[in-house]
Amino acid sequence: MEKFVIRGDKPLQGEIRVNGAKNSALKILAAALLTDDDCRISNVPQIEDIFRLLELLEDIGVKVKNGSRGEYLLNARGIKKSSLSPSIAQKLKGSILMTAPLLARYGRADFPQPGGCVIGQRPRDIFIDGFKAFGASVRETAKGYSLSAKKITGTKFVFPLVSVTATETMILLAVLAKGKTNLVNAACEPEIIALADFLNKMGAKIKGAGTPFMEIEGISHLAGGECEIMPDRIEGGSFAVLGAAANSPIKITGINPGHLEVLWFLLAKAGANFELGKDFVKIKPSQGLKAVGLKTHEYPGFPTDLQAPFVVLMTQASGLSLIHETIFEGRLFYADVLNQMGAKIIMCDPHRVVVQGPAKLSGRHLISPDIRAGIAMVIAALIAKGESVIENIYQIDRGYERIEERLQKLGADIKRINS
Ligand code: EPZ
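Residues numbered from 1 in each chain as written. Predicted model: local features only at pLDDT ≥ 70, side-chain atom pairs only at ≥ 80, totals over all residues. Heavy atoms only, no water.

### Section: the site of the ligand
In the vicinity of the ligand there are 23 residues, among which Lys-27, Ser-163, Thr-165, Asp-305 and Ile-327 approach most closely. At 2.9 Å, a backbone N or O of Ile-126 approaches an oxygen atom of the ligand. The side chain of Thr-165 places a nitrogen or oxygen atom 2.5 Å from an oxygen atom of the ligand. Contact with the protein chains covers 88% of the free accessible surface of the ligand, which is 820 Å². Of all the elements in the fold, those that place two or more residues in the shell around the ligand are helix H1 (22-31), helix H5 (125-133), helix H6 (164-174) and helix H12 (371-383). The leading source of residues in the shell around the ligand is H1, at four residues. Viewed by domain, the shell around the ligand spans two of them, domain 1 (2-19 + 231-418) and domain 2 (22-228), each represented by three or more residues. (Near = heavy atom within 4 Å. Polar contact = N/O pair within 3.5 Å; in protein donor to acceptor, adjacent residues only side chain to side chain. Areas by Shrake-Rupley, 256 points an atom, 1.4 Å probe, with all protein chains shown as cover. Helix = DSSP H or I, 4+ residues; strand = E, 2+ residues; numbered from the N terminus. Domains from an automatic or database assignment.)

### Things to note about helix H2 (residues 48-59)
Since the α-helix advances by 3.6 residues per turn, residues separated by three or four positions end up pointing in the same direction. Along its twelve residues, H2 runs 16 Å from first to last C-alpha, staying within 8% of the 16 Å computed at 1.5 Å per residue. Among the residues making up H2, those that are buried are Asp-49, Ile-50, Arg-52, Leu-53, Leu-54, Leu-56 and Leu-57. Where H2 is buried, its residues contact H1, strand E4 (63-66), strand E5 (72-75), helix H3 (86-89), H12 and helix H13 (394-397). (Expected span 1.5 Å × (residues − 1). Buried < 20%, exposed > 50% of the residue type's maximum accessible area, 1.4 Å probe, protein only. Contact = heavy atoms within 4.5 Å.)

### Brief notes about the state of the cysteines
Following the criterion strictly, the structure yields zero disulfides and no others. Sulfur of Cys-39: no disulfide; nearest cysteine sulfur belongs to Cys-227 and is 9.5 Å away. Exposure remark for Cys-39: the relative accessible area of 0% places this residue in the buried category. (Disulfide = S-S within 2.5 Å.)

### Description of helix H8 (residues 233-245)
Over its 13 residues, H8 extends 18 Å from the first C-alpha to the last, a length consistent with the 18 Å expected when each residue adds 1.5 Å. Most of H8 sits out of view: 13 of its 13 residues are buried. A distance of 2.8 Å separates the backbone nitrogen of Ile-234 from a side-chain oxygen at the start of H8, and that oxygen is part of Asp-232. Among the residues trailing H8, Asn-247 stands out with phi positive, at a value near 50°.

### Regarding the UniProt feature "binding site: phosphoenolpyruvate" (unreviewed entry) in the chain
Under the UniProt annotation, "binding site: phosphoenolpyruvate" (unreviewed entry) lies at Lys-22 and Asn-23. For Lys-22, the position within the fold is in helix H1. Not counting residues within four places of it along the chain, the set of residues in contact with Lys-22 comprises Pro-45, Ile-47, Asp-49, Asp-232, Ile-371, Arg-372, Arg-398 and Gly-399. Relative to the elements of secondary structure, Asn-23 occurs in helix H1. Excluding residues within four positions of it along the chain, Asn-23 makes contact with Glu-168, Glu-191, Asp-305 and Arg-372. Only 2.8 Å separates the side chain of Asn-23 from the side chain of Lys-22, close enough to count as a polar contact. (UniProt positions renumbered as here; feature names shortened; annotations may be inferred.)

### Quick notes on unusual backbone geometry
Omega for the bond connecting Tyr-299 with Pro-300 falls within 30 degrees of zero, at 10°, which places this linkage in the cis form. Within the secondary structure, Pro-300 sits in the loop between strand E17 (294-295) and helix H10 (307-314). Omega for the peptide link from Gly-357 to Pro-358 comes to 0°, which places this bond in the cis form. With respect to the secondary-structure elements, Pro-358 resides in the loop between strand E20 (352-357) and strand E21 (365-367). The phi dihedral of Asn-43 falls on the positive side, at around 60°, and the residue is not glycine.

### A few points about the domain arrangement of the chain
For the chain, the assigned domains read domain 1 (2-19 + 231-418) and domain 2 (22-228). Between domain 1 and domain 2 the total buried area reaches about 1900 Å² when both faces are included, carbon and sulfur atoms providing 51% of it. Counting the contacts that link domain 1 with domain 2 gives three salt bridges. Here Arg-398 and Asp-49 are joined by a salt bridge, their closest N and O atoms 2.7 Å apart. (Buried area = accessible area lost by both parts, 1.4 Å probe. Salt bridge = Lys/Arg side-chain N within 4 Å of Asp/Glu carboxyl O.)

### Digging into the pairing of strand E13 (residues 225-228)
The two faces of E13 differ: Gly-225 and Cys-227 on one face are buried, but Glu-226 and Glu-228 on the other face are not. In terms of strand pairing, strand E3 (residues 39-42) meets E13 through four bridges, oriented parallel. Bridging across to E13, Cys-39 finds its partner in Gly-225. (Pairing = 2+ DSSP bridges.)

### Some thoughts on the packing of H1 against helix H7 (residues 190-201)
The N-to-C vectors of H1 and H7 enclose an angle of 25°; their axes lie 9 Å apart at closest approach. Between H1 and H7, the angle falls in the class roughly parallel. Classified by chirality, the crossing of H7 by H1 is right-handed. Contacts between H1 and H7 involve Asn-23, Ser-24, Lys-27, Ile-28 and Ala-31 from the first element and Glu-191, Ala-194, Leu-195, Phe-198 and Leu-199 from the second. In terms of residue class, the contact of H1 with H7 is made up of six nonpolar, two polar and two charged. (Axes fitted to C-alpha atoms, helices over the stretch in contact; angles between N-to-C directions. Parallel < 35°, antiparallel > 145°, perpendicular 65-115°, else oblique. Left-handed = near helix turned anticlockwise from the far one by under 90°. Nonpolar A, V, L, I, M, F, W, Y, C, P; charged D, E, K, R; others polar.)

### Notes on the packing of H5 against H6
To describe two helices that pack against each other, one gives the angle between their axes and the distance between the axes. Two numbers describe how H5 lies on H6: the axes approach to 9 Å, and their chain directions differ by 20°. Taken as axis vectors, H5 and H6 run roughly parallel relative to one another. Considering the relative orientation of H5 and H6, their crossing is right-handed. Contacts between H5 and H6 pair Ile-126, Phe-127, Gly-130 and Phe-131 from the former with Thr-165, Ala-166, Thr-169, Met-170 and Leu-173 from the latter. Tallied by class, the residues present in the contact of H5 with H6 amount to six nonpolar, three polar and no charged.

### Examining the UniProt feature "active site" (unreviewed entry) in the chain
If you check UniProt for "active site" (unreviewed entry), the listed places come out as Cys-117 in our numbering. Topologically, Cys-117 is positioned in the loop between strand E6 (108-112) and H5. The partly exposed category is assigned to Cys-117, whose relative accessible area is 27%. Residues in contact with Cys-117, not counting those within four places in the same chain, are Lys-93 and Arg-122.

Dropping the structure here:
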């Protein structure tokens, strides 16, 4: 198994460019199933989750041609089955996104029980209710779910709580449904706007993307299209937090700063020193950080995917920070690992921790539980004294492309080794 070996407390400086957004690319690639025409998708991050989705698409018969780096030409004309391979789908929560286009076009889709996940239960009840609302029947077996529908009919669907991929799944169903669909309490993430923009370029009739109220007029046929994947706001935020935590002059380029307003607000409130440009943020050394509290929230609130990196930052700030993770019930357990490194974090309940800073961190043997806690451990190891070893780095490779090479260019002493 591969692991990272990191020698921390090295001065960092330089420029790092964000890649295409994982949480946009997965949906845009799935949308290619909605048409028999070619779809050309570029700026796709070369990360494990994308490779798993491409394997799933090819497994059902989608033709996938590699263009230049990060560019793919997809064609779904030759689909030969509508059941997702369990061995691959279980590695990728986002694979459920493929079910909607398969159901919409072929009237059938089978997907496995979503495997366990360290950040939370990841229930699928809203998806099941949504499939039924559009006229599908759902049979649950020990292995997973079997969906079938003679016809997908537009409907009014109210989300009981905001769900990003459930919103995207219902959009992918509604675009080819018979009649009109209204979505209420839809997620408003920028990745949803990007999906709607791509589908509208293919001929869909979607209004209200990025707002809680969406209206979709179903049509009978979608043409192919082209899409350049939007910048990864979570990569950008993760690198900005690294710069602030390492108190190092790092410039993060290729971002859309408008996607991270609450992060900039909290970094400024904490006393971080940075300059925002049209498509970059330049982190500069500061006179020390003050503790600030945060509550994760659906977009445009503070993203849950930046919560773990921000907690590492707060271990370096003076004072007490209350961190409230409102979205997932299992997304704070990495705090114990940071405490082993010397942090002072008290877990109040599965949704809240109090961080007391500043604390000197020392290198330790770490295991990455999920993508975002994984990058938080990399950040902690980079600012800690001494050497850290991080295991299970597949989790980090799921969301951050060639992260060690890109961090080495900033002066980080990080190596990928095969144990
Ligand atoms: C998406 O996950 C992202 N993944 C997550 O990023 C992100 O953390 C999350 O949205 C929140 O922003 C992708 O886009 C591929 P949700 P998703 O449905 O859609 C509950 C990363 O690290 N819920 O918005 O699966 C759920 O338990 C990943 O890149 C139900 O109760 O998250 C959670 O409490 C991690 N029933 C809340 O909704 C359902 O049927 C929000 O989750 C579905 C969800």
